[in-house]
Amino acid sequence: MSNKRRITERTMHTLFFVVASASIVMLFMIMIFLFMEGIPIFDEVSVKDFIFGKYWYPTSEPPDFGILSLIVASLAVTLLSALISIPLGILTAIYIAEIASKKVSEIIKPMVELLAALPSVVIGFFGMVLVAPFLQNVFDIPTGLNLFNASLMLAFMSVPTICSLSEDAIHSVPNSLREASLALGATHLETILKVVLPASLSGISTAVILGMSRAIGETMVVLMVAGGAAFIPESIFDPVRPMPASIASEMAEAPFRSAHYHALFATGIVLFIFTFLFNIVADHIAYKYKQVGEATL
Amino acid sequence: MSVSVPSLQRRRNFLQKIVFNVFCLAALINGLALFIIVYFMIANGWKAINWTFLTQPPVDSMTKGGILPCIVGTLCLSIGAILIAMPIGVASAIYLNEYARPGRLIRVIKLGINNLAGVPSIVFGLFGLAVFVVWLKMGVSIIAGSLTLGAMTLPVMIGSTEEALRAVPDTYREASLGLGATKWQTIYRVVLPTALPGILTGTILGISRAAGETAPIMFTAAVFFTPSLPVSIFDEVMALPYHIYVLATAGTEIEATRHLQYGTALVLIFLVLGMNLIAIIYRSRLRKRMQ
Amino acid sequence: MDKSVKIEVKHLNFYYGNFKALEDITLDFYANEVLSLIGPSGCGKSTFLRCLNRMNDLISISRVEGNILLDGLDIYDPSVDVVMLRSRIGMVFQKPNPFPKTIFENVAYGLRVNGIKDKGLIENRVEESLKLAAIWNEVKDRMHESALGLSGGQQQRLCIARALAVEPEILLMDEPCSALDPIATQKIEELIHQLKKSFTIIIVTHNMQQAARVSDITAFFYMGKLIEVGKTNTIFTRPNLKQTEDYITGRFG
């Protein structure tokens, strides 16, 4: 009897371990297959020309495979959206965690969650049919499908990530610190700015990085509202073609295992590396500055 | 002291009031954004929704008719995805929360999960295309799409299951072990039943996440148009999110089908937000009961 | 009464990481006696108790040196099956912790996990244990209701019944009355008197009157060390050491 139980026990332990490694296996599979399908493009162009080439004409004869404008577009929409989403996300997090009454925060929190749950295609559609004509009229520009519109839509997709992770960080600041500050005669606001925020800075940084990582990898919004022109933008109202949009719109037309097909996978590699770096940095910050007890900040 | 510097005190309080209002405004903007988007879709979409719309396939090169194949396709894909993500996700969370001891191994696994969660959805699409569609020769099919979506939903499933397991008081585990139960007996007789409602909430969230995704199924499962409903897991399908994208950007008559686009978007929103709302309400009740 | 040694603890050291929580503990437990462990918070008495059924194994950074012999066999020997060991040693925790199951299923739990499937046997054993824990009359008509509906005192006696159902030889009690009111406490103390006829009982308590009332032997812990052990009467009236006397008379702790 005891023997049978011991065997079951060991079997289950091993089984669970094997299943738990599935995530890592999958991550490796993603990398392996991206590289397998992407690397062949470098028989046609050098890595340097691929990344720093300004011209993306994959279907011309001869084709040009330079994704600099796509990379710049991705970075531009991400940064511009971060300018909106970072303050909005962090301020909302502070409001929920520190200021709002329990009742109010119990209404706002689910709202932020629902905002996160909106399918990206719906937000893209909204940007196309409502925001684009609006921008076009107000700013008198040739098209409302541009960098600014895409950034605005992306901002609302990364706000929930930034907000809920920042809120967790703020919540984990021990109450004794707040009390100490209030007892010294600081106002609630001064306590938030001088004690709570510095103490939760690492968590908030993680939140911001993950929010930006979400924005750079988001596909449908940039596919539908960024405008799709593969040029390096000169103004925030220029149409752009970020990497995910390029992959999503061209893969259907690229002949199987043609140079174009491989070039799109190689673009996927670049995109993957960007988000991978974002995630590694976020993880490193979260791990290094992990709050252990009240003594460490 | 407070008597001697009342003006400074007043200024500090005034400043605080202003800044707090800014914080409040930020929070309101989020709610407003959600409200505007949902209101806009309802206002424009509700007229399109009727019995025919929900129960008929599209006709006349998708300029008329309904979206039944899309609804069925999205249900198949999201249920398929969760059938894959749930067992693997629950088992991974059990390993991480119940078996693994803190150390390098668990850190590596968690890093892997975090990174998987951060992989862009379009990259999942490329992965699904290269692995399931091409390499495993599944073709553009429900099974290939479900596997791709399943891989994407996995980190969500692991996260919510871990939260549910952490909410089970340690005293339950100790009591069970103290009675001579093995670890596995403790897990499946005490820990899992107690965590079950939380795991189910996570599952609903997982389904809704999978239902709303477009990029991963573009190359792996979804097609422009197929009038028939799927009969096997190797069939290609239409899907609500992809249908919206197609009608809004690549249809033959983008303006003429606007009402269909709104209608489809509204159905998708109902589906996704409805499931989320159920999960959120259910979870807040659970949390209250736990306290 | 024959005084046979049930558990022998020899030179036990216990570490949490680098922190030495228990230092050189040597102590014998006799069958059918109640021994209480007293001392100020953080003195190691609960840690010591949890060494006896290897509950501390659950803490990954813990380490044990020395020997604990149960009927002459070392419980930390690699060949010992910790699961079997725990079914020989019952444990009752500080706060009542019934599972979110029915009253019946709570008591039947230990039997089921130990592989007993005979329905009649399980029913008999559940009834016996509930009677032994002096709670049968209060729950016999609501066996299939949730155990979480019971009062705190009832829950704790249910937890005792749950531990007894496995027919352990030893019962470890970790401040079993700390979350209970005086009347519920009195019931548990009466129960301990009854139970010592068939079990060896080790109880951690914060409450010195309780130690004086229920135990035959009292051991005083301080800062991870066993300061003094002896007959409860002696310890409470004529302790050998000044430290013990100070604690008992309430001069510190």
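Because the structure is predicted, anything quoted here is derived from the model rather than measured.

About the criteria used
- Residues numbered from 1 in each chain as written.
- Chains lettered and ligands numbered in written order.
- Predicted model: local features only at pLDDT ≥ 70, side-chain atom pairs only at ≥ 80, totals over all residues.
- Heavy atoms only, no water.
- Helix = DSSP H or I, 4+ residues; strand = E, 2+ residues; numbered from the N terminus.
- Expected span 1.5 Å × (residues − 1).
- Buried < 20%, exposed > 50% of the residue type's maximum accessible area, 1.4 Å probe, protein only.
- Pairing = 2+ DSSP bridges.
- Contact = heavy atoms within 4.5 Å.
- Buried area = accessible area lost by both parts, 1.4 Å probe.
- Salt bridge = Lys/Arg side-chain N within 4 Å of Asp/Glu carboxyl O.
- Axes fitted to C-alpha atoms, helices over the stretch in contact; angles between N-to-C directions.
- Domains from an automatic or database assignment.
- Polar contact = N/O pair within 3.5 Å; in protein donor to acceptor, adjacent residues only side chain to side chain.
- Nonpolar A, V, L, I, M, F, W, Y, C, P; charged D, E, K, R; others polar.
- Core = buried A, V, L, I, M, F, W, Y, C linked by side-chain atoms within 4.5 Å.
- Parallel < 35°, antiparallel > 145°, perpendicular 65-115°, else oblique.
- Left-handed = near helix turned anticlockwise from the far one by under 90°.
- Phe/Tyr/Trp six-rings, centres within 6.5 Å; stacked < 30°, edge-to-face > 60°.

## A short note on helix 2 (residues 22-38) of chain A
Part 1 of the reasoning: The first and last C-alpha atoms of helix 2 of chain A sit 24 Å apart over 17 residues, in line with the 24 Å expected at 1.5 Å per residue.
Part 2 of the reasoning: Those residues of helix 2 of chain A lying buried are A22, S23, I24, M26, L27, I30, M31, F33, L34, E37 and G38 of chain A.

## Some details on the sheet that holds strand 2 (residues 19-30) of chain C
All names here are of chain C.
Part 1 of the reasoning: If you trace the four strands from one edge of the open sheet to the other, you get 2-1-4-5, paired in antiparallel fashion. The open sheet terminates on both sides in strands that have one partner only, identified here as strand 2 and strand 5 (73-74).
Part 2 of the reasoning: Relative to strand 2, strand 1 (residues 5-16) runs antiparallel, the two being bridged by eight bridges. Bridging from a neighbouring strand, F14 pairs with L22 of strand 2.

## Notes on the interface of chain B and chain A
Part 1 of the reasoning: Between chain B and chain A, the contact holds 82 residues from the first and 76 residues from the second.
Part 2 of the reasoning: Counting each side, the surface lost to burial between chain B and chain A is near 7,100 Å², with a carbon and sulfur contribution of 78%.
Part 3 of the reasoning: Of all residues in chain B, F23, N30 and L126 of chain B bury the most surface against chain A, accounting for 9% of the area lost on that side.
Part 4 of the reasoning: Viewed at the interface, chain A and chain B are joined by three salt bridges.
Part 5 of the reasoning: Ionic pairing is found between E190 of chain A and R12 of chain B, a salt bridge with its closest N-O pair at 2.6 Å.

## Notes on the sheet that holds strand 9 (residues 217-222) of chain C
Think of a sheet as strands paired side by side through backbone hydrogen bonds, with each pair either parallel or antiparallel.
All names here are of chain C.
Part 1 of the reasoning: With mixed pairing, six strands are arranged side by side in an open sheet as 6-7-8-3-9-10. Bordering the open sheet on either side are strand 6 (89-92) and strand 10 (225-231), each of which pairs with just one other strand. Ignoring which end each strand starts from, the neighbouring axes of this sheet average 15 degrees apart.
Part 2 of the reasoning: Bridge count between strand 7 (residues 170-174) and strand 8 (residues 200-204): five bridges; the pairing is parallel. Counted as the bridge partner of M173 is I203 from strand 8.
Part 3 of the reasoning: Against the sheet, helix 7 (residues 182-195) engages strand 3 (34-38), strand 7 and strand 8, with an angle of about 150 degrees to strand 8.

## Examining the domain arrangement of chain B
All names here are of chain B.
Part 1 of the reasoning: Assigned domains of chain B: these are domain 1 (4-48) and domain 2 (51-290).
Part 2 of the reasoning: Domain 1 and domain 2 are separated by 33 Å when their C-alpha centres are compared.
Part 3 of the reasoning: Listed by partner, the interface residues are eight residues for domain 1 and eight residues for domain 2.
Part 4 of the reasoning: Together domain 1 and domain 2 conceal approximately 720 Å² of surface at their shared face, both sides included; 85% is due to carbon and sulfur atoms.
Part 5 of the reasoning: When the buried area of domain 1 at its contact with domain 2 is split by residue, M41, N44 and A48 rank highest and sum to 57% of it.

## With respect to the pairing of strand 4 (residues 62-70) of chain C
All names here are of chain C.
Part 1 of the reasoning: Of the strand pairs in this sheet, strand 1 and strand 4 are connected by eight bridges, and their pairing is antiparallel. When the sheet's bridge partners are listed, K10 is paired in strand 4 with N67.
Part 2 of the reasoning: Pairing of strand 4 with strand 5, which is carried by two bridges, proceeds in the antiparallel orientation. Pairing of L70 across the sheet is with L73, part of strand 5.
Part 3 of the reasoning: Counting the residues that bridge the hairpin from strand 4 to strand 5 gives two residues, and of these D71 lies at a positive phi of roughly 50 degrees.

## As for the pattern of salt bridges
All names here are of chain C.
Part 1 of the reasoning: Here the structure, examined in full by the defined rule, presents 30 salt bridges over all chains.
Part 2 of the reasoning: The salt bridge involving R88 is made with E169; its shortest N-O contact spans 2.9 Å. Taken together, the residues R88 in helix 2 (residues 82-88) and E169 in the loop between helix 6 (152-165) and strand 7 connect sequence positions 81 residues apart.
Part 3 of the reasoning: Residue R88 is classed as partly exposed on the basis of its relative accessible area, which comes to 28%.
Part 4 of the reasoning: With a closest N to O distance of 3.4 Å, E145 and R142 form a salt bridge.
Part 5 of the reasoning: Since its relative accessible area comes to 23%, R142 is described here as partly exposed.
Part 6 of the reasoning: Through salt bridges with shared partners, a single ionic network connects K6, D71, R88 and E169.

## Side note on the interface of chain B and chain C
Part 1 of the reasoning: At the junction of the two partners, chain B supplies 18 residues and chain C supplies 24 residues.
Part 2 of the reasoning: Taken together, the two surfaces of chain B and chain C that pack against each other cover about 1,800 Å², and 62% of this comes from carbon and sulfur.
Part 3 of the reasoning: Looking only at chain B, the three residues that lose the most surface to chain C are E174, L179 and R189 of chain B, adding up to 34% of its buried area.
Part 4 of the reasoning: The tally of links between chain B and chain C comes to one salt bridge.
Part 5 of the reasoning: Where E174 of chain B meets R50 of chain C, a salt bridge forms, and the shortest distance between an N and an O atom there is 2.5 Å.
Part 6 of the reasoning: Where chain B meets chain C, there are seven residue pairs in polar contact (both at pLDDT 80 or more).
Part 7 of the reasoning: Going through the elements one at a time, helix 7 (170-178) and helix 8 (183-212) of chain B are the ones with two or more residues in the side of chain B that touches chain C.
Part 8 of the reasoning: When grouped by side-chain class, the residues that make up the side of chain B that touches chain C number seven nonpolar, eight polar and three charged.

## So, the environment of L200 of chain B
Residues and elements named next belong to chain B.
Part 1 of the reasoning: Tracing the chain through its elements places L200 in helix 8.
Part 2 of the reasoning: Residue classification places L200 among the partly exposed residues on the basis of a relative accessible area of 40%.
Part 3 of the reasoning: Taking the C-alpha atoms as reference, L200 lies 9.2 Å from S160; in sequence the two are 40 residues apart.

## Quick notes on the side chain of S151 of chain A
Part 1 of the reasoning: Looking at the secondary structure, you find S151 of chain A in helix 7 (residues 147-171).
Part 2 of the reasoning: S151 of chain A gets classed as buried once you look at its relative accessible area, which sits at 0%.

## Structural notes on the nonpolar core
Part 1 of the reasoning: Counting 235 residues, the largest nonpolar core has M41 of chain B together with L37, F48 and L130 of chain C as the members making the most contacts within it.
Part 2 of the reasoning: If you tally residues by element for this core, the top one is helix 3 (residues 68-99) of chain B, at 13 residues.
Part 3 of the reasoning: Contacts of L130 of chain C, omitting those with residues within four sequence positions, involve V107, I135, W136, V139, M143, L158 and A161 of chain C.
Part 4 of the reasoning: Ranked by size, the runner-up nonpolar core spans 30 residues in total, among them I90, V196, M212 and A282 of chain A.

## Here we look at unusual backbone geometry
Part 1 of the reasoning: Between E61 of chain A and the following residue, P62 of chain A, the backbone shows a cis peptide bond with an omega angle of -5 degrees.
Part 2 of the reasoning: With respect to the helices and strands, P62 of chain A occurs in the loop between strand 1 (56-57) and strand 2 (64-65).
Part 3 of the reasoning: At D140 of chain A, a residue that is not glycine, the phi angle is positive and equals roughly 50 degrees.
Part 4 of the reasoning: Among the residues examined, D140 of chain A registers a relative accessible area of 68% and is labelled exposed.
Part 5 of the reasoning: The phi angle at D71 of chain C is positive, at roughly 50 degrees, despite the residue not being glycine.

## Some points on the packing of helix 6 (residues 120-139) of chain A against helix 7 of chain A
All names here are of chain A.
Part 1 of the reasoning: It is at 10 Å that the axes of helix 6 and helix 7 come closest, and there the two elements cross at 140 degrees. Between helix 6 and helix 7, the angle is such that the two are oblique. Viewed along their axes, helix 6 and helix 7 form a crossing whose handedness is right-handed. Counting all contacts with helix 6, which are made through S120, I123, F126, G127, V131, A132 and L135, the residues of helix 7 involved are F148, N149, L152, M153 and M157.
Part 2 of the reasoning: Across the contact of helix 6 with helix 7, the residue classes break down as nine nonpolar, three polar and no charged.

## Considerations on the packing of helix 4 (residues 68-99) of chain A against helix 10 (residues 201-217) of chain A
Residue and element names in this part refer to chain A.
Part 1 of the reasoning: Orientation of helix 4 relative to helix 10, taken along the N-to-C sense of each, is 140 degrees, at an axis distance of 9 Å. The angle between helix 4 and helix 10 falls in the class oblique. As for the relative orientation of helix 4 and helix 10, their crossing is right-handed in sense. Counting all contacts with helix 4, which are made through S74, L75, T78, L79, S81, A82, I86 and I90, the residues of helix 10 involved are I204, V208, M212, A215 and I216.
Part 2 of the reasoning: When grouped by side-chain class, the residues that make up the contact of helix 4 with helix 10 number ten nonpolar, three polar and no charged.

## Comments concerning the packing of aromatic side chains
Part 1 of the reasoning: As enumerated under the stated definition, the model contains 27 aromatic pairs over all chains in all.
Part 2 of the reasoning: Consider the rings of F16 of chain A and W184 of chain B, whose centres lie 5.6 Å apart with planes at 50 degrees: the pair is tilted. Residue F16 of chain A is found in helix 1 (residues 2-20), and its partner W184 of chain B is found in helix 8; the two belong to separate chains.
Part 3 of the reasoning: Note on W184 of chain B: relative accessible area 18%, which makes it buried.
Part 4 of the reasoning: Chaining the aromatic ring pairs together yields one cluster made of F16 of chain A together with Y99, W184 and Y188 of chain B.

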